[in-house]
Amino acid sequence: MDIIEAMTERRSVRSFNGEGIPPRLVDALNKATEEASSPFGGNVTIRLKRFDIEGGYRPSTYGVITGARDFFLIAMKDDEASALTAGFRFEQVVLRAWQLGLGSCWIAATFKGSVFDEGNIWNDGERLRIVSPVGFAVKPSFREKITRLAVGSSHRKPFDELFFLEDFNRNLPAGNRFAESLEMMRLAPSSTNSQPWRAVVTDNTVHFYCKPKGSCSMIDCGIGLCHFFEAEKHSGNYGRFMTLDNRPTPPAPLRYVTSFMLMI
């Protein structure tokens, strides 16, 4: 499975088979965590931890997750760069897990932090913000089906509501050279399926903006930017993220995040 297939097919998994991940896959996930990188700086720590659910110890996710033994814990500082990096780095791990046949689910609010934090010491200024179960998926429970309906997991905004050409008044044509990578961004997961990202293409540059929807919006933008970047890399296109002064002025309440310039 290549990265485009992973981004297209991946879904959030909340029901697991209760089995721990075998050592070879644990090693592969730890390697993916070590290799995940971000151009946005900040301070983020990602750890994989197993819980002894057979001994009756069940980390609390308020009923959202069932049958999970292994969880990723993501701690970060409370700044914009760290939020972007948390989304950008951990989504690389999420996609690698899917390629390995493992499901996962970003959880940023519906977990009892003290339970997951127990025994962990984080870097100075970091605090646990995100957890994600990871393991072998089973048939979705009734609760999971209701949760997916409640957050609209299977629905995405149409392409022409998110991406534009030259300014915010013209929709981006489907044949634009950045269209496939932006479509992968459109398919990225986000909290309550909010899809806060917007983008404007000018020549060989894509300018990205955020429509704030809550405390996780910048993390969500990091996830979307990861999808965009991985799709560009898969196509053999290389560029870099940078802050540009010469960029389209967004309508309120959009905020400028970063720009991606193709190296040609």
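Keep in mind that what you see is a predicted model, and the values were worked out from it rather than measured. Within every chain, residues take consecutive numbers counted from 1 along the sequence as written. In view of the model being predicted, local features appear only for residues whose pLDDT reaches at least 70, and side-chain atom pairs are presented and counted only at 80 or more, with totals across whole chains, interfaces and linings using the full set of residues. Think of the side-chain values as coming from all heavy atoms in the structure, minus any hydrogens and water.

Visitor: I'd like a description of the environment of V201, backed by residues and values.
Guide: Within the secondary structure, V201 is located in strand 6 (residues 197-202). Distance from V201 to L172, taken between C-alpha atoms, is 7.6 Å for residues 29 residues apart in sequence. The criterion used for residue contact is that any of the two residues' heavy atoms lie within 4.5 Å. Setting aside residues no more than four positions away along its own chain, V201 makes contact with F164, L165, E166, L172, N176, F178, L182 and V206. By definition, any uninterrupted DSSP run of H or I lasting at least four residues is a helix, any uninterrupted run of E lasting at least two residues is a strand, and each is numbered from the N terminus.

Visitor: An account of the packing of helix 3 (residues 80-99) against helix 7 (residues 217-234) is requested, with residue identities and associated values reported.
Guide: Relative to each other, helix 3 and helix 7 sit at 50 degrees, their axes nearing to 7 Å. Looking at the two axes, helix 3 sits oblique to helix 7. Seen from above, helix 3 lies across helix 7 with right-handed handedness. Contact residues: E80, A83, L84, G87, F88, E91, Q92 and L95 in helix 3; M218, I219, C221, G222, I223, L225, C226, H227, F229 and E230 in helix 7. Axis angles are defined between N-to-C directions and span 0 to 180 degrees, where every axis is a line fitted to C-alpha atoms and, for a helix, only to the segment in contact. An angle below 35 degrees is read as roughly parallel, one above 145 as roughly antiparallel, one from 65 to 115 as roughly perpendicular, and any other as oblique. Each crossing gets its handedness from the near helix: less than a right angle anticlockwise from the far helix is left-handed, clockwise is right-handed.

Visitor: Summarise the nonpolar core; cite the residues concerned and give the values.
Guide: Among the buried residues, those of types Ala, Val, Leu, Ile, Met, Phe, Trp, Tyr and Cys that are joined through side-chain atoms within 4.5 Å form a nonpolar core. A 1.4 Å probe rolled over the protein chains alone gives each residue an accessible area, and that area as a share of the maximum for its type sets the label: buried under 20%, exposed over 50%, partly exposed in between. F163, L182, F208, L225 and F228 are the most contacted members of the largest nonpolar core, which has 48 residues in total. At eight residues, helix 3 tops the list of elements feeding residues into this core. Apart from the residues within four sequence positions on either side, F163 is in contact with N171, L172, L182, M185, R186, W197 and A199. Membership of the second largest hydrophobic core comes to 24 residues, among which are F16, A68, L73 and M184.

Visitor: Explain helix 6 (residues 179-186) to me, using residue names and the numbers behind them.
Guide: Most of helix 6 is tucked away, with six of its eight residues classed as buried. Every buried residue belonging to helix 6 is among A179, S181, L182, M184, M185 and R186, and all of these are buried. Against helix 1 (3-9), strand 5 (163-165), strand 6, strand 7 (205-210) and helix 7 lie the buried residues of helix 6.

Visitor: Lay out the packing of aromatic side chains in plain terms, naming residues and giving numbers.
Guide: In this scheme Phe, Tyr and Trp rings, the latter by its six-membered ring, pair at centre separations within 6.5 Å, and the angle between planes marks the pair as stacked below 30 degrees, edge-to-face above 60, and tilted otherwise. This model, assessed by the stated rule, comprises 20 aromatic pairs. Taking the centre distance of 6.1 Å and the plane angle of 90 degrees together, the rings of F88 and F241 count as edge-to-face. Taken together, the residues span a long stretch of sequence, with F88 in helix 3 and F241 in strand 8 (residues 239-242) at a distance of 153 residues. The class of F241 is buried, set by a relative accessible area of 13%. Between F241 and F260, the aromatic rings sit 5.2 Å apart at their centres with planes inclined by 65 degrees, giving edge-to-face as the arrangement. Within this pair, whereas F241 is found in strand 8, its partner F260 is found in strand 9 (residues 255-262), the two being separated by 19 residues in sequence. In terms of burial, F241 and F260 fall into one category: buried. Cation placement over rings: the criterion is NZ of Lys or CZ of Arg within 6 Å of the ring centroid and within 35° of the ring normal. For R177, the ring lying beneath its charged end belongs to F178, and the centroid distance is 4.0 Å.

Visitor: Explain the pattern of salt bridges residue by residue, including any values.
Guide: Salt bridge, as used here, is a side-chain nitrogen of Lys or Arg placed within 4 Å of a carboxyl oxygen of Asp or Glu. Applying the stated criterion across every chain yields a total of eight salt bridges. The salt bridge involving R170 is made with D167; its shortest N-O contact spans 3.8 Å. For R186, the salt bridge identified is with E183, shortest N-O distance 2.8 Å. Of the two residues, R186 and E183 both sit in helix 6, three residues apart, roughly one turn of that helix. According to the relative accessible area criterion, R186 is buried, its value standing at 15%. Residue E183 is classed as partly exposed on the basis of its relative accessible area, which comes to 22%. Here the residues in one salt-bridge network are D78, R127 and R129, joined through shared partners.

Visitor: Which residues make up helix 3, and what values do they have?
Guide: A helix is expected to reach a length of 1.5 Å times the quantity of its residues less one. Look at helix 3: 29 Å from first C-alpha to last across 20 residues, which is about the 28 Å you get at 1.5 Å a residue. Definition of a polar contact: a pair of N or O atoms within 3.5 Å, with one able to donate and the other able to accept a hydrogen when the atoms are protein atoms, and with sequence-neighbouring residues admitted only if both atoms are side-chain atoms. Where helix 3 begins, the capping side chain belongs to D79, and its oxygen is found 3.2 Å from the backbone nitrogen of A81. Note on helix 3: the residue one or two positions beyond its end, G101, has a positive phi of about 90 degrees.

Visitor: Any chance you could break down the pairing of strand 4 (residues 127-135) for me, citing the residues and the numbers?
Guide: Burial analysis of strand 4 places eight of its nine residues in the buried class, the great majority of the element. Sheet analysis places strand 2 (residues 70-76) next to strand 4, joined by seven bridges and oriented antiparallel. Looking at strand 4, one finds that D70 is bridged to V134. Paired strands, in this sense, are two strands between which DSSP finds at least two bridges. Inspection of the sheet shows strand 3 (residues 103-104) paired to strand 4 by two bridges, in the antiparallel sense. Paired with S104 across the two strands is V134, which belongs to strand 4.

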